[in-house]
Structures are given as C-alpha cells and as structure tokens.
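# Topology and contacts: notes
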Amino acid sequence: MARVINFFKIIRNNWKKSVVGAAAFSYGVSYSMDAYETEQIMREYCEEAAKYGDQPLPTQLKPQHVTVILNPVAKKRKAKKLFEKYCEPLLHLAGFAVTIIQTQSENQARNLIANLNTHTDAIVVAGGDGTLSDVVTGIMRKYKNNASAAKQCPIGILPLGQTNRVADSLFNGYEDLAEVRELADATMAVIRGKTKLMDVLEVELLEKDSEQAPESIYAIGAIEWGAWKDAHSRQDKYWYWGSLRRYVTYVFNGYKSDINWDCNGVIRYSDPCSGCSKCCQEQEKQSPSGRRWWHSFVPIIKKTDEKAIDYSKVINENCGVIREIPVSATELRITTQNVDQKNNRLIPSVTIELGPDSVNYTDFVTEGWRRIKGIKTLVNKTLEAKDIEIHPLKSDEFADKESSFYIDNEEFELKPAKFRLIPKNVKVFCLDDQEKK
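Residues numbered from 1 in each chain as written. Predicted model: local features only at pLDDT ≥ 70, side-chain atom pairs only at ≥ 80, totals over all residues. Heavy atoms only, no water.

## Remarks on the overall build of the protein
Where we set the bar: Helix and strand assignments come from DSSP, with helices taken as H or I runs of at least 4 residues and strands as E runs of at least 2, each series counted from the N terminus. Buried means the residue's accessible area, taken with a 1.4 Å probe over protein chains only, is under 20% of the maximum for its type, while exposed means over 50%, and partly exposed covers the values in between. To measure how exposed things are, a 1.4 Å probe is used in the Shrake-Rupley method; for residues, cover is taken only from the protein chains shown.
If you tally the helices and strands in the protein, you get 13 helices and 16 strands. Split into buried and exposed, the 437 residues of the protein put 42% on the buried side. Carbon and sulfur atoms make up 51% of the accessible area of the protein, which amounts to about 25,500 Å² in all.

Below you can see the structure in the form of structure tokens.
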C-alpha cells in the first residue's frame, strides 16, 4: 500500500512530466494498435490476391499486363510511398505484369496515354481526380474516331490524390483505417476484373481569336466556377495551420475581392434525352461506319438484339432544343452522375447547380465548413441537362481580374466553353456492394 501511495505522490510532484508521459504512452498504444490492425487487413488482401496468382496459366497466354500512371507529387508527395506499400504488392501477388510510369509535369499523362504504343490490358491511375481526368483525356483523344475502342481499355482508379471524388463514389464507406481499406479495395477491383461504364463530359473551349481551336478536355467528375472553389484552391497556402487549414481557408478568404463572387453570364443547354431518332443520327455521324471495299458486293450484316429498342422510331421533339437562361450567382457547378450520389436518374444527364446571387461573410464561412463534410446547403437552382454552353460575362469593375474555372480540380482560365455529355463511354474497375468491407 505504501508503494502505491508513494507512486501517486511522485506523479503529483511531477505532474508536467506525468502528463507528457501519459500522452506519449497513449499515442504509442494507439499507433501500435493501428499498425497491428493494418497488418491483419493487408494479410487478408494478400492472401486473396495470391489465390489469383496461383491459378495455372495456359502456355499460350501471357500474364495480364497493367500500366500504372503514377503522380508522385500527389497527396503531398506521399502517393508513391502509399502505392508501393499497399497497392503494388497486391498486383504482383496476383501475377500481374506491372509497368509504372511516373509523371514529371502537369498534363503529361495526356500525352503519355495518347502516345502509348505498348500492349496493356488495363491502365491504373495512381493519383487524384486531376490525374484521372488527364488519363481519360488521353484515351479519348487517342480513340477520338473510334468510340467503341475507348471502352475496351478499362481504367483502375487508386485514390492517391488530395481529392478523389470518383474513387470515393466507388470505394468509400469505411469507418476505421479508411485510407488503407480504400487503397486495397481499389487494387483488388483491378485484380477481380469487375467493371462498369461511366459517363464522360467533353469540354471544348470556344476560342474566337485563336487560329487553331484547342483540343478538347474530358472530365469525369465535376466542373466548378465560383467563390467556394476559389477559396478551396488556396488551402495549401495555409499549410502552417496543419489540419485546421481547411477551416481557416474560408475564414481568411471570405472578405477578399480577388475571389470570384460574381458568376455572371448566359447558359445555353438542352434537356436530357433517353434516346430518339435525333440522337441516333448524331451517333451515326460521330461513330465510324465500319464499311470496307467488299461491302459494295456483300451486304453488311448487322447484329440485332430482340430486346434492343429501335431509337430511330422514337420521336422526342424536345431533343436538341436549346434553352437559354441568364446567370447571376456566387457559384456554378456542373456534376456528372459518376459523383452525384443523389442523382439516380436513368436518363443520362449532368446536374447544373447555381448558388445564391450574393452571400454575406458568415454564411460563406459556414457553408465552407459544411462542404468540408460533404454537405451543401446554399443551392438556389438545380437543372438537368445534356449539352451545355457557358458564356461568362465580366463586369467593368472586375474586367482586369483573372478568373478561373476548374475541370476535375484542375485550374483553367475562364473562357466560353461547350460541354457535351458522352454517356457510358469509359470503363472503370469497381466492386460489388457485397464485396465492400
């Protein structure tokens, strides 16, 4: 008993050291438990991946080959380390031949994919939404005249970026050790081979003064323009605030005049269409005919599906009809169904969200903090559309101010642009709902 009393006396007399020691001990115990649980989780995934690698392969077949496009500066330069620790071992255990290509600069992934001549069974994106957009852009440019060929190359998405909206829509929903589980499940999706088709949004900048029109950019997540996105893009400037930088970003930028508070302009858009005679005519013009010289003598035999709908006989008078509305808002956002979990429409479409005309400082900060948790409340108007044109207008007061809009979190100079929805045109690896752990 005397020893116990003496122990508590020592703690009381050295309470500062005791507090520090207790905090260090608690951190050590928590770290050790997380490390042990991570090891057990990875052991389960490795055992499953090894089963795929142990399967016998016919002599005439080569192992599956995947090309990894790795952005080493993503996730604050942690992407490469995380990929090598949680993703690459699973691919090798499954018997995959892996080629890793690291990007050296912005937008390099587009050219890497467009000029990729080696055979690959899949492309794995190890980065964020920006890297994914670059890869999709490269694939769409490579197979611009052959839309069906773009669907033949599946894409694996490893959430290794600062923003991973598309990956989160596929693999999110974990409570403990979310990062490890999400990376491992995203890698196992590539190994298991289950895929789904996703929509693509073609972005064409309408350059009036340019002699040569710029090549189209392709988005798979969202297009954003306005005050909250401008503020969010500056959060890395407040790195010295640590984990609080996401919150102080809105506190320090809610009063600044160089943020785009006025999203003014004109929107032209067409309503969504599930398929009609007009859509069929457009698709036939855009897709290659597949006609060869011998078809002059031998008729083309088209495969028909008894359950397929003959859209050439479907009439939709509203298809392609352009509607025009003026815009005056603090934010404009275009979201695809790939990341819009609330949009369960069967008709291919994108969602246009318009923010309020004006917002005070308190509401701006409050809304910014809500969006950190994925909650949006300040949305004044919502539209569903298929094809969109945006023609921004600058007031005389802000004529000299540089404005930007964001395509999958990549910043671009604000210019008139046309957005064309291409439904179900990119194949990505995914999980069944029952496979999510």
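## Things to note about the confidence of the model for the protein
Low pLDDT means the predicted coordinates in that region are not meant to be read closely. Where we set the bar: pLDDT is a residue-level measure of predictor confidence that goes from 0 to 100. The criterion used for residue contact is that any of the two residues' heavy atoms lie within 4.5 Å.
Put simply, the protein has an average pLDDT of 82, and 82% of its residues get 70 or more. For the protein, the element scoring lowest by mean pLDDT is helix α12 (residues 277–286), at 58; strand β4 (residues 155–159) scores highest, at 94. Long-range and interchain partners of residues 284–300, a stretch whose pLDDT sits below 50, account for seven contacts in this model, where long-range means more than four residues apart.

## Concerning the environment of Asp185
Rule in force here: In protein, a polar contact means a hydrogen-donor-capable atom and an acceptor-capable atom, both N or O and within 3.5 Å, with residues adjacent in sequence counting only if both atoms are side-chain atoms; elsewhere, any N or O pair within 3.5 Å suffices.
Relative to the elements of secondary structure, Asp185 occurs in helix α9 (residues 178–192). A residue is classified by how much of its surface remains accessible, and Asp185, at 0% relative accessible area, is buried. On a C-alpha basis, the gap between Asp185 and Cys430 in space is 9.0 Å, while along the polypeptide they are 245 residues apart. Side chain to side chain, Asp185 and Tyr45 meet in a polar contact 3.1 Å long.

## Details of the sheet that holds strand β10 (residues 331–336)
Operational definition: Two strands form a pair only when DSSP identifies at least two bridges running between them. Axis lines are fitted through C-alpha atoms, for helices just across the contact stretch, and the angle between N-to-C directions can take any value from 0 to 180 degrees.
With respect to topology, six strands assemble into an open sheet ordered β12-β11-β10-β7-β14-β15, the strand pairing being antiparallel. For this open sheet the edge positions go to β12 (381–385) and β15 (410–413), each flanked by a neighbour on one side alone. Averaged over all pairs of adjacent strands, the angle between strand axes in this sheet comes to 20°, irrespective of strand direction. Looking at chain direction, β10 and strand β11 (residues 350–354) are connected through five bridges and run antiparallel. Bridge pairing links Thr335 to Thr351 in β11.

## Things to note about the nonpolar core
Where we set the bar: Side-chain atoms within 4.5 Å link the members of a nonpolar core, which is a set of buried Ala, Val, Leu, Ile, Met, Phe, Trp, Tyr and Cys residues.
Counting 60 residues, the largest nonpolar core has Val136 and Ile155 as its most contacted members. With eight residues, the single largest contributor to this core is α9. Of all hydrophobic cores here, the second largest spans 29 residues; its members include Trp225, Ala329, Ile334 and Ile388.

## A few points about the layout of surface pockets
The condition that has to hold: For each structure, a 1 Å grid was placed over the protein atoms alone; sets of points admitting a 1.4 Å probe that cannot get out are labelled cavities, open sets with protein on both sides within 12 Å along at least five of seven lines are labelled pockets, and lining residues have an atom within 4 Å of a point. Grid points are joined across faces, edges and corners, and a volume is the space filled by probe spheres set on the points. For this classification, the nonpolar set comprises Ala, Val, Leu, Ile, Met, Phe, Trp, Tyr, Cys and Pro, the charged set comprises Asp, Glu, Lys and Arg, and every other residue, Gly included, is treated as polar. Start and end points for every domain follow an automatic or database-based domain assignment.
By volume, the second largest pocket amounts to about 1,500 Å³. Along its surface, the second largest pocket is lined by 42 residues, and Arg165, Asp168, Arg371, Ile372 and Gly374 are the ones closest to its centre. In terms of residue class, the lining of the second largest pocket is built from eight nonpolar, 15 polar and 19 charged. Taken domain by domain, the lining of the second largest pocket gets at least three of its residues from each of domain 1 (62–200) and domain 2 (222–280 + 310–407).

## Remarks on the pattern of salt bridges
To keep it simple, the criterion reads: We define a salt bridge as a contact between a side-chain nitrogen of Lys or Arg and a carboxyl oxygen of Asp or Glu at a distance within 4 Å.
Inspection of the entire model under this criterion finds 18 salt bridges. The salt bridge partner of Lys75 is Glu179, with a shortest N-O separation of 3.6 Å. Here Glu179 lies in helix α9 and Lys75 lies in helix α3 (residues 74–77), a separation of 104 residues in the sequence. Here Arg165 makes a salt bridge to Glu224, at a shortest N to O gap of 3.1 Å. In this pair, Arg165 sits in helix α8 (residues 165–171) while Glu224 sits in strand β7 (residues 222–226), placing the two residues 59 residues apart along the sequence.

## Quick notes on the packing of aromatic side chains
Spelled out, the test is: For Phe, Tyr and Trp, rings pair up if their centres lie within 6.5 Å, where Trp contributes its six-membered ring, and each pair is then called stacked (planes under 30 degrees apart), edge-to-face (over 60) or tilted (otherwise). To sit over a ring, a charge needs its Lys NZ or Arg CZ within 6 Å of the ring centre and within 35 degrees of the ring normal.
Taken as a whole, this structure holds eight aromatic pairs when the rule is applied. Every member of this aromatic cluster is reached through a ring pair, and the members are Trp228, Tyr250, Trp261 and Phe364. Cation over ring: Lys229 sits above Tyr406, and NZ or CZ is 5.4 Å from the ring centre. Its guanidinium or amino end placed over the ring of Trp228, Arg371 lies 4.5 Å from that ring's centre, counting from NZ or CZ.

## Remarks on the packing of helix α11 (residues 245–253) against helix α13 (residues 361–372)
This is how the line gets drawn: Working rule for angles: under 35 degrees goes down as roughly parallel, over 145 as roughly antiparallel, 65 to 115 as roughly perpendicular, anything else as oblique. Each crossing gets its handedness from the near helix: less than a right angle anticlockwise from the far helix is left-handed, clockwise is right-handed.
Taken N-terminus to C-terminus, the directions of α11 and α13 make an angle of 160°; their axes are 9 Å apart at the nearest point. One way to sum up the angle between α11 and α13 is to call them roughly antiparallel. The interaxial crossing formed by α11 with α13 has right-handed handedness. Of the residues in α13, those in contact with Arg246, Tyr247, Tyr250, Val251 and Asn253 of α11 are Tyr361, Phe364, Val365, Gly368, Trp369 and Ile372. Class assignment of the residues belonging to the contact of α11 with α13 gives a composition of eight nonpolar, two polar and one charged.

## Structural notes on helix α4 (residues 79–93)
So the rule is basically this: In a helix, the anticipated span is given by 1.5 Å times the number of residues less one. At any given residue, the bend is defined as the angle formed between two axes, one fitted to the seven residues that end at that position and one fitted to the seven that begin there.
In a regular helix each residue adds 1.5 Å, so 15 residues correspond to 21 Å; α4 covers 20 Å between its end C-alpha atoms and thus fits that length. Of all the bends found along α4, the most pronounced is centred on Cys87 and spans about 40°, while Pro89, a proline, follows it within four residues. Those residues of α4 lying buried are Ala79, Leu82, Phe83, Tyr86, Cys87, Glu88, Leu90 and Leu91. Within two residues after α4, Gly95 carries a phi angle of roughly 85°, on the positive side.

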